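So you can see what is in the structure, the chains are spelled out below.
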Amino acid sequence: MRVLVVGGGGREHALAWKLSQEAEVFSAPGNPGIAQIAETFPVRADNEEGMVALCEQIAPEVVLVGPENPLLAGLGDRLRARGVSVFGPSAAAAALEGSKAWAKEQMLVAGVPTAHHQSFRDFDAAVAYAASRFDGGRQVAVKASGAALGKGVVVAQTHEEARDALEAMLVDREHGEAGATVVVEDALVGREFSLLALVSETEVRCLPVAQDYKRALDGDHGPNTGGMGSVSPVSWLTEDLVARAEREVIVPIVRHLAAQGLDYRGCLFAGLLVEDGTPYCLEYNVRFGDPETQSIVRRLGPGFAQAILDVAEGRPIGAIEVTRDAAVSVVVASGGYPGTIETGFPIDIGPMPEGVEIFHAGTASLDGCLVTAGGRVFAVSAVGSTVADARERAYAGGAQVGFAGAWCRRDIGACTKGQSASRQTD
Ligand code: GLY
């Protein structure tokens, strides 16, 4: 099977790594890590014309689109219209991630448990609504409806903080059009986890659950990041809670989209928070999670490549084996991340312990040398018979990675305390 993986981050490296065990993998643009296991092409993920031409050149049986932006822009529709099998939803269905306001409407109609909320374009109305929630004893999260580069969510502890956030989004247009509509929702309190499902039109196959670590510092402190690590399975979750999340959060929205005639073939990611024993949907994403995927794929046995093709072709999804291993992935980041960083530092990678894979995210090749090229540079991903075992191996692997300013959180896989309020991603 010939698979084209679109994208070039740690998630795409993890997917390409797994697929390469069962398929011939190509990637565009890829990254230096992906280039070790696949043929890469210098076509950016947002270059639709380039992707169409590349598909004509290499004739993949399936194209897996990693990041959300090409899906939101309609790459899936464009390629499907040319007869290419694509793993990734249509632009219309991808609005589940591209518009938080629309996603919330769909959750309500589909009966998915989610935080009490309203959407606004008018500043005064939004401020008045936020005040009414504070008066009722709740705190609120203010969310730019559109994609705001991960910076579009403010969890406000006071009415003044909510007002400032609303002013920044609705009046000052800090996030441009992405903030022209805002969602004001009650901030939930509890533990978070991520449930990813393969969706082949109406068939759903959930993958092993995972938890990511959004904050920069140990103990879930510090600023939000793109994710500092992940663990799978999640020790505090019961099978019953996961089954409820599938039944109440994944299945109803898939059926609801299908009933509206919206084509969904791809990965559906639900960000969930458990409050008082109920899994609430914080958000949907229309792609694999990053860095959850770096841990999830480590737990999968044979069948993944065929399942990706099955989904893309809208037919029943073949079996995928799931091992009993645990996986922990630790992100090694550049100094200063998630603030200002410098790039271009040479990287040394020593021998990895058994069970450890290193997934590239922010690296580049410069004159034959591997150098840093982003905030999150690698995910060092380990499997073991227990989370503790995987964790020990992941940190031992992380110690083999060296570049100026390298750092990581020290509690990935150890700290199961969930972030306390609504997710900070968009
Ligand atoms: N880890 C959260 C996300 O991929 O959006």
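Residues numbered from 1 in each chain as written. Predicted model: local features only at pLDDT ≥ 70, side-chain atom pairs only at ≥ 80, totals over all residues. Heavy atoms only, no water.

*Asks:* Before we move on, can you summarise the pattern of salt bridges with the specific residues and values?
*Replies:* Under the defined criterion, the tally for this structure stands at 26 salt bridges. One salt bridge in this structure joins Arg78 and Glu49, with 2.6 Å as the shortest N-O distance. One end of the pair, Arg78, is in helix 4 (residues 75-81); the other, Glu49, is in helix 2 (residues 48-58), and 29 residues separate them in sequence. Judged by relative accessible area, Glu49 falls into the exposed class, the value being 52%. Note that Asp212 and Lys214 form a salt bridge whose closest N and O atoms lie 3.2 Å from each other. Just as Asp212 is buried, Lys214 falls in that class too. (Salt bridge = Lys/Arg side-chain N within 4 Å of Asp/Glu carboxyl O. Helix = DSSP H or I, 4+ residues; strand = E, 2+ residues; numbered from the N terminus. Buried < 20%, exposed > 50% of the residue type's maximum accessible area, 1.4 Å probe, protein only.)

*Asks:* Which residues make up the side chain of His360, and what values do they have?
*Replies:* Structurally, His360 is set in strand 20 (residues 356-360). For His360, a relative accessible area of 3% puts it in the buried group. Separated by 3.0 Å, the side chains of His360 and Thr363 make a polar contact. If we skip the residues at most four places from it in the chain, His360 touches Gly9, Gly10, His13, Asn31, Pro32, Gly33, Leu370, Val377 and Phe378. (Polar contact = N/O pair within 3.5 Å; in protein donor to acceptor, adjacent residues only side chain to side chain. Contact = heavy atoms within 4.5 Å.)

*Asks:* Residue-level account of helix 6 (residues 100-110), with values.
*Replies:* Among the residues making up helix 6, those that are buried are Lys100, Ala101, Ala103, Lys104, Gln106, Met107 and Ala110. Remark: Gly111 follows helix 6 within two positions and exhibits a positive phi of approximately 75 degrees.

*Asks:* An account of the sheet that holds strand 4 (residues 62-65) is needed here, citing residue identities and associated values.
*Replies:* With respect to topology, five strands assemble into an open sheet ordered 3-2-1-4-5, the strand pairing being parallel. The sheet is open, and its two edges are formed by strand 3 (39-40) and strand 5 (86-87), each paired on a single side. Judged from the four bridges that link them, strand 1 (residues 2-7) and strand 4 form a sheet pairing that is parallel. When the bridges of strand 4 are listed, Val5 appears paired with Leu64. The sheet contacts of helix 1 (residues 10-19) involve strand 1, strand 2 (24-29) and strand 4, and relative to strand 1 the element is tilted by about 170 degrees. Set on the sheet, helix 2 makes contact with strand 1, strand 2 and strand 4; between it and strand 1 the angle comes to about 160 degrees. (Pairing = 2+ DSSP bridges. Axes fitted to C-alpha atoms, helices over the stretch in contact; angles between N-to-C directions.)

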